[in-house]
Amino acid sequence: MNLQGVGIGRGLAIGPVLRMPDPLPEPTDSVRETAGDVEKVRVAGALAAAAADIRLRGQRAGGAAQDVLDAQAFMAEDPTLKDDVDTRIDGGKTAERAVFEAFAAFRDLLLSMGGYMGERATDLNDVSQRVVAHLQGVAAPGVPTPDYPFVLIARDLAPADTALLDLDKVLALVTSDGGPTSHTAILAREKSIVAVVGAPDALKLPDGEIVIVDATSGLVTAAPSDEQRAAAEAALVARANATVVPVGPGALADGTPVPLLANLGSADGALDAIAKGAEGVGLFRTEFLFLDSTTAPTVDEQQEKYTQLLAAFAGKKVVVRALDAGADKPLSFLNDEPEENPALGLRGLRALRANEPILRDQLTALANADAATSADLWVMAPMVSTVEETRYFTALAHELGLKTAGVMVEVPAAALLADRILKDADFASIGTNDLTQYTLAADRLLGSVASFQDPWHPAVLRLVGEVGRAGALLGKPVGICGEAAADPALAVVLVGLGATTLSMSPAALADVRAELALYTLEQAKEFAELALSANSAVEARAAVADAASTLTTTTLIESE
Ligand code: PEP
Ligand code: MG
């Protein structure tokens, strides 16, 4: 069986699949038919088994993850909790229901305490699910942790699950949902995980089936023939032995500089980004630092994290984005009301504005970190749609001592009025992931509309061109920080449309640098015109590929 999805990056992997179990449903509140004492003994066994499992996972993971998992094991062993479960069993509940209710009550208690305890509260859901899984004799939810390398199959992953993947074990990731710009895909690219997303039949693969995952083609080959397997293994060896491309500043063939920057979600990736030749940071996604927090981070806590980042990039440009909460990255302290269409709701700057003290704290922490370090700090607001929002954000950032304040262009309205928005902003950075989602009206999380989620679409490119033109007229920088910048051929087109910098996950830097070096600015502009005049993303990609191969052939003939 072959599955077609959308590949992330250009990696290749081969190995047995393991499917991520779905979360367990809430145990029903049915009448208990077993004796209470029997239920209590079952619960004691399940709590001990869950604690032992969690501890073992911690030992395997080591580092900070081990501390978190040890703390979870202690929760499972908490005698007060066991007493509460027993009391509920005495009151007539089944073991499963009593565990569910006691953990939920404990979680609510921690939440009401706030601070560190509050932040650990959500861990209790995971522990509770594990105990119930033991009671029911089914697989524990969450990412499986076998002691052999495997290809992880999932419907989709929460950002926190992706961030915690054990990269020594997870050979590749295949999801049935999620488009190429979902945050699962972004984190996979950032961590150089071989990934294919939006492969509809992925969940039908049986555990243990050997697959070849080819991100370049987006193809997952199940039960490969001996020849297919041998070819994939040979390709893996060839890649491992390939010589490393030298790093240097990004530039076109005619010397036009195109600074290549890194997209980061924490300061931990800084050294790796620098080693791969990042000339600075073009997008620091601050919300990734606080995905698990139930309370807003303090100024001191944030200042420490930002200082760590800026110190790693002394003398270099670092663009930090204010918290982009909402849709697939909800932060419980910013998005408290459920919404029918969260991508169109109180997201990004809208959510920050509704909670201005949190925005002020973040900008203050950034200004303090800036004062303590020597990086060139730029700040920007996510999901800006109007000139008025631009004025609000840049004025507030300047008031709080940040000298360079800009906006992300992710909503078509902002692209269409870029000439006015850029009068009030020091720079613009185009988020092509959301710009594509909103232009094509295609949810970036939904596998069924992944084919619409293509930044090569001429409508998206036309909007990018609007921003590029406005930037050139007003002398304001225009960066690209969506996944489009990581596609080497598209990167050249984006420069032709007026992008002055490109920011991407560090894993993509080498390929993009090499591609830019092949073409002059004039040629990049010609490619951009070709893509703009196409009728679809597929046509645009093909037209540019054609023109590029004609150019390469001509250059080869001329040099003979
Ligand atoms: C984007 O939308 O292109 C972007 C860079 O922001 P994010 O992917 O974090 O929404
Ligand atoms: Mg975005």
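Calculation rules
Residues numbered from 1 in each chain as written. Chains lettered and ligands numbered in written order. Predicted model: local features only at pLDDT ≥ 70, side-chain atom pairs only at ≥ 80, totals over all residues. Heavy atoms only, no water. Helix = DSSP H or I, 4+ residues; strand = E, 2+ residues; numbered from the N terminus. Buried < 20%, exposed > 50% of the residue type's maximum accessible area, 1.4 Å probe, protein only. Contact = heavy atoms within 4.5 Å. Areas by Shrake-Rupley, 256 points an atom, 1.4 Å probe, with all protein chains shown as cover. Lys, Arg positive; Asp, Glu negative; His and termini not counted. Charge placed at Lys NZ, Arg CZ, Asp CG, Glu CD. Domains from an automatic or database assignment. Donors = N, O, S within 2.8 Å, 3.2 Å for Na, K, Ca; no water. Expected span 1.5 Å × (residues − 1). Arc of directions from axis to C-beta. Core = buried A, V, L, I, M, F, W, Y, C linked by side-chain atoms within 4.5 Å. Axes fitted to C-alpha atoms, helices over the stretch in contact; angles between N-to-C directions. Parallel < 35°, antiparallel > 145°, perpendicular 65-115°, else oblique. Left-handed = near helix turned anticlockwise from the far one by under 90°. Nonpolar A, V, L, I, M, F, W, Y, C, P; charged D, E, K, R; others polar. Phe/Tyr/Trp six-rings, centres within 6.5 Å; stacked < 30°, edge-to-face > 60°. Lys NZ or Arg CZ within 6 Å of the ring centre and 35° of its normal.

**Notes on the overall build of the protein**
- Counting secondary structure elements, the protein contains 22 helices and 16 strands.
- With the C-alpha coordinates of the protein rotated into their principal frame, the extents come out at 85 × 65 × 40 Å.
- Relative to its 560 residues, the protein shows a buried fraction of 51%.
- By sequence separation, contacts in the protein at least 24 residues apart represent 68% of the contacts at least 6 residues apart.
- For the protein, the computed accessible surface area is about 23300 Å², with 56% contributed by carbon and sulfur atoms.
- Placing the 44 positive and 76 negative side-chain charges of the protein at their respective mean positions leaves the two points 2 Å apart.

**Here's the deal with the environment of Val544**
- Along the polypeptide, Val544 turns up in helix α22 (residues 537–559).
- By relative accessible area, which is 2% here, Val544 ends up buried.
- Residues in contact with Val544, not counting those within four places in the same chain, are Trp456, Val493, Phe527 and Ala531.

**Quick notes on the domain arrangement of the protein**
- Under the domain assignment, the protein is made up of domain 1 (2–21 + 142–227), domain 2 (36–136) and domain 3 (260–555).
- The distance between the C-alpha centroids of domain 2 and domain 3 comes to 40 Å.

**Focus: the coordination of the magnesium ion (ligand 2)**
- In this structure, Glu410 (OE) and Asp434 (OD) serve as the protein donors to the magnesium ion (ligand 2), at separations of 2.0 to 2.1 Å. Within this pair, whereas Glu410 is found in the loop between β13 (404–409) and α15 (412–416), its partner Asp434 is found in helix α17 (residues 432–440), the two being separated by 24 residues in sequence. Asp434 shares its class with Glu410; the two are buried.

**As for helix α21 (residues 521–532)**
- Taking 1.5 Å as the rise per residue, α21 with 12 residues should run 16 Å; its terminal C-alpha atoms sit 16 Å apart, in good agreement.
- If you check which residues of α21 are buried, you get Gln523, Ala524, Phe527, Ala528 and Ala531. Around the axis of α21, the buried residues are gathered within 145 degrees of arc, so they sit on the same side.

**Quick look at the nonpolar core**
- Residues Phe393, Val493, Leu494 and Leu502 are the most contacted members of the largest nonpolar core, which totals 97 residues.
- Considering every element that reaches this core, the biggest residue donor is helix α13 (residues 356–372), with seven residues.

**Some thoughts on the packing of α13 against helix α14 (residues 387–399)**
- Packing of α13 against α14 leaves a shortest axis separation of 10 Å and a crossing angle of 50 degrees. Taken together, the axis directions place α13 and α14 in an arrangement best described as oblique. For the element pair α13 and α14, the recorded crossing hand is right-handed. Across from Glu356, Leu359, Arg360 and Leu363 in α13, the residues of α14 making contact are Tyr392, Phe393, Leu396, Ala397 and Glu399.
- For the contact of α13 with α14, the class distribution of residues is six nonpolar, no polar and three charged.

**Considering the packing of aromatic side chains**
- In total, this model carries two aromatic pairs according to the counting rule given.
- Seen from their ring centres, Tyr519 and Phe527 are 5.0 Å apart, and the 70 degrees between their planes marks the pair as edge-to-face. The same class applies to Tyr519 and to Phe527, which are both buried.
- Sitting over the face of the ring of Trp378, Lys317 holds its NZ or CZ atom 3.8 Å from the ring centroid.
- Against the face of Tyr392 rests Arg353, its NZ or CZ located 3.9 Å from the ring centre.

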